[in-house]
Amino acid sequence: MKNVTLLLLFFSLQSFCQSNSNDYYNEPHRPQFHFTPESKWMNDPNGLVYYNGKYHLFYQHYPKDIVWGPMHWGHASSTDLFHWEHLPIALYPDKLGNIFSGCAVIDENNTAGFGKNAMIAIFTYHNDELWKQGYRNTESQAIAYSLDEGLTWTKYSGNPVIKNSSERDFRDPNVFWNEEINAWNMVLASGDKVKIFTSDNLKDWKYKSDFKPNPDIAKTGTWECIDLFKMKVKGDEKEKWVMIVNHDKYTPNGGSGTRYFIGDFDGEVFTNTQPSIWLDYGTDYYAGVTFYNAPENKRILISWMSNWLYANKTPTKVWRSAMTLPRELVLDKKGNRYFLRQKITEGFNKILDTKVSKDKIQLPYSAKKLNLSQAELSFSFKGKQLSLTLSNSKNESIKVELNDTTFSIDRSKSGITNFSDKFTEPIQTMPVDEKITDFQIILDRPSMEILLNKGKYSMTTIFFPNESFSSLKIESSEKTQISNFTINHVKKTW
Ligand code: FRU
């Protein structure tokens, strides 16, 4: 206990000193209101869980380098999902392997016997030693528990709870209490499908079924980071199940991507009842999963803003990569098809400061000397064609365009791009199957999150200008109306 108190004292002292320095979180390209690790490498969000007034974000972390390496679980917590407190590393590699992605639950009924309300992490061990010896089925599932809100962890002595299968990729467990069967469910990525399990105690797992929809998707790469949850349909009493799946290739714009299925689930078998949909069409939105136990039954998702095509090479030195803003998912319906809308969670409004607000603007619109490195731009729209260019004095720019039924982002002239030839090709595109009525564009130094039609369409991308973008040009080749035009400054949260 003494050690924990000392550790916490060290961490609070460290963050006290840092939050009083203007240099803290101010290196080139450092996001100002998105989550980034204080230093070194980060990838997937892990163990997203809400407990006792706090959101916990664990994440894939290599604390010794800014490239991917032996994985640990980093840890941070927040009361509003925008201001984060860094906490000690939660899980370290051990002789069973490195700690790959997974989830966390609160064991309200002490089903595992670790204690009432224990926070239990369910994760994958990736055994590098065996991997180096040439074995390929080196991944198993394990659990660990914390009785002090995620600060210190004990790994279960009976690990692994699910041993390696013959599958090479067998990882990223996501677990939830399913009241309909009065038991735990686990969804696990396994090659190019999902395996579904049940358990009474989180230690003994029974395999139930495989989910692999055919012929919905012909080609997929490896499946990773799965999530499964039930949602109420907006304005309806009906409920449907949503399954999120991440893929490492055959995605709309190359590399890492996230799609979802909508369907029915009886605790053993998931059946998708309509074609799958991409959750985001940008190149930098991966490994997205939702919080367990969020207040008011909300489904809040966070994704990693990078792409395995170049994640290890992006031009930062102190830390590498960021998470998306937290997004609340809403399940909506059009005709007989269900779809998700993504909405930045409520706390976002509290960090906004209005800078420009106009009922209408005339096109072409051009503004200079704006702070577009920390901004939210939003407007209502009537038309079919629009282009929006952000630029700086070095002739660097990023262009966003709507042409009838195609939305696109061109970052080929956005600044530092030569760290990977996969970064600028191709121009990212997204098909839109209804009239675009509203735009929300959130800019935080190296990132842009675009939400259209109240979050029905989403595109997330990163870029690295040599100087902040400060000019904005909006043009259209047709008669177009733009109203409720707002540019908000977004405050730094670090
Ligand atoms: C997804 C992923 C996971 C794995 C982790 C390793 O980005 O490949 O499947 O658990 O990253 O860091």
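Residues numbered from 1 in each chain as written. Predicted model: local features only at pLDDT ≥ 70, side-chain atom pairs only at ≥ 80, totals over all residues. Heavy atoms only, no water.

J.: Give a description of the overall build of the chain that names residues and reports values.
T.: In terms of helices and strands, the chain carries two helices and 34 strands. For a compact globule of 494 residues, the expected C-alpha radius of gyration is about 23 Å, and the chain comes in at 22 Å, within 12% of that figure. Taking the principal axes of the C-alpha coordinates as reference, the chain spans close to 65 × 55 × 45 Å. Looking at the chain residue by residue over its 494 residues, the buried ones come to 59%. By sequence separation, contacts in the chain at least 24 residues apart represent 61% of the contacts at least 6 residues apart. Here the chain has roughly 20800 Å² of accessible surface; of this, 47% comes from carbon and sulfur atoms. For the chain, the distance from the average site of its 59 positive side-chain charges to the average site of its 57 negative ones is 3 Å. (Helix = DSSP H or I, 4+ residues; strand = E, 2+ residues; numbered from the N terminus. Rg over C-alpha atoms; globule rule 2.2 N^0.38 Å. Buried < 20%, exposed > 50% of the residue type's maximum accessible area, 1.4 Å probe, protein only. Contact = heavy atoms within 4.5 Å. Areas by Shrake-Rupley, 256 points an atom, 1.4 Å probe, with all protein chains shown as cover. Lys, Arg positive; Asp, Glu negative; His and termini not counted. Charge placed at Lys NZ, Arg CZ, Asp CG, Glu CD.)

J.: Break down the packing of aromatic side chains for me, citing the residues and quoting the values.
T.: Enumeration over the complete set of coordinates arrives at 39 aromatic pairs. Relative to W304, the ring of W41 lies with its centre 6.2 Å away and its plane at 65°, an arrangement referred to as edge-to-face. Of this pair, W41 sits in strand β1 (residues 40-51) while W304 sits in strand β19 (residues 300-304); the two residues are 263 residues apart in sequence, bridging distant segments of the chain. With respect to burial, W41 and W304 carry one shared label: buried. Following the ring pairs from residue to residue traces out a cluster consisting of Y24, Y25, F35, Y59, W84 and W494. Positioned above the aromatic ring of W319, the side-chain terminus of R30 is 4.1 Å from the ring centre. Above the ring of F339, the side-chain terminus of K456 is found at 4.4 Å from the ring centroid. (Phe/Tyr/Trp six-rings, centres within 6.5 Å; stacked < 30°, edge-to-face > 60°. Lys NZ or Arg CZ within 6 Å of the ring centre and 35° of its normal.)

J.: Got a sec to walk through the nonpolar core? Specific residues and values, please.
T.: Counting 52 residues, the largest nonpolar core has I120 and M243 as the members making the most contacts within it. In terms of residue count, strand β6 (residues 118-126) provides more of this core than any other element does, seven residues in total. Not counting residues within four places of it along the chain, the set of residues in contact with M243 comprises V187, V194, F211, I226, D227, L228, R259, Y260, F261 and F270. (Core = buried A, V, L, I, M, F, W, Y, C linked by side-chain atoms within 4.5 Å.)

J.: Explain the site of the ligand residue by residue, including any values.
T.: For the ligand, the full set of nearby residues is N43, D44, Q60, W68, M71, F100, S101, R171, D172, E224, Y286 and W308. Measuring from an oxygen atom of the ligand, one finds a side-chain N or O atom of R171 at 2.7 Å. Between the ligand and the protein, one listed contact pairs an oxygen atom with a side-chain N or O atom of D172 at 2.6 Å. Here the ligand has 320 Å² of accessible area as a free molecule, and 96% of this is covered by the chains. Residue assignment for the shell around the ligand shows that the elements contributing at least two residues are β1, β5 (98-107) and β9 (170-178). (Near = heavy atom within 4 Å. Polar contact = N/O pair within 3.5 Å; in protein donor to acceptor, adjacent residues only side chain to side chain.)

J.: I'd like to hear about the environment of Y338, residue by residue, with values.
T.: For Y338, the position within the fold is in strand β22 (residues 337-344). When the C-alpha positions of Y338 and F261 are compared, they lie 9.6 Å apart, and in sequence the two are 77 residues distant.

J.: Outline the pattern of salt bridges, supporting the account with residue identities and numerical values.
T.: Should the charged atoms of two oppositely charged side chains come close, the side chains can pair. Scanning the entire structure with this criterion turns up 27 salt bridges. Here R171 makes a salt bridge to E139, at a shortest N to O gap of 3.1 Å. Here R171 is found in strand β9, whereas its partner E139 is found in strand β7 (residues 139-146), with 32 residues between them in sequence. The same class applies to R171 as to E139, namely buried. Across the salt bridge formed by R327 and D280, the nearest N and O atoms sit 3.9 Å from each other. Of the two residues, R327 is situated in strand β21 (residues 327-334) and D280 in the loop between β17 (277-278) and β18 (286-290); the sequence distance between them amounts to 47 residues. We note that R327, like D280, is buried. Among the ionic contacts, a cluster of salt bridges with common partners joins E139, R168, D169, R171, D172 and E224. (Salt bridge = Lys/Arg side-chain N within 4 Å of Asp/Glu carboxyl O.)

J.: Explain the sheet that holds β9 residue by residue, including any values.
T.: The strand order across the open sheet formed by four strands is β9-β10-β11-β12, and the pairing between neighbours is antiparallel. Looking at strand neighbours, the two that pair on one side only are β9 and β12 (206-211), the edges of this open sheet. On average, each strand axis in the sheet is inclined to that of its neighbour by 25°, with strand direction left out of account. Summarising the sheet, β9 and strand β10 (residues 183-190) pair through seven bridges and their orientation is antiparallel. Directly across from W177, in β10, lies its bridge partner W184. (Pairing = 2+ DSSP bridges. Axes fitted to C-alpha atoms, helices over the stretch in contact; angles between N-to-C directions.)

J.: Tell me about the environment of K232, residues and numbers included.
T.: Of note, K232 is situated in strand β13 (residues 223-232). The spacing of K232 and S414 is 182 residues in sequence and 41 Å in space, taken between C-alpha atoms. Filtering out sequence-adjacent residues up to four positions away, K232 remains in contact with E237, K238, E239 and L331.

J.: Just give me the short version of the domain arrangement of the chain, but keep the residues and values in it.
T.: Along its sequence, the chain is organised into domain 1 (38-344) and domain 2 (348-490). Just the C-alpha atoms count here: the centres of domain 1 and domain 2 sit 30 Å apart. Counting every contact that joins domain 1 to domain 2 gives three salt bridges. The salt bridge involving R411 is made with D284; its shortest N-O contact spans 3.0 Å. (Domains from an automatic or database assignment.)

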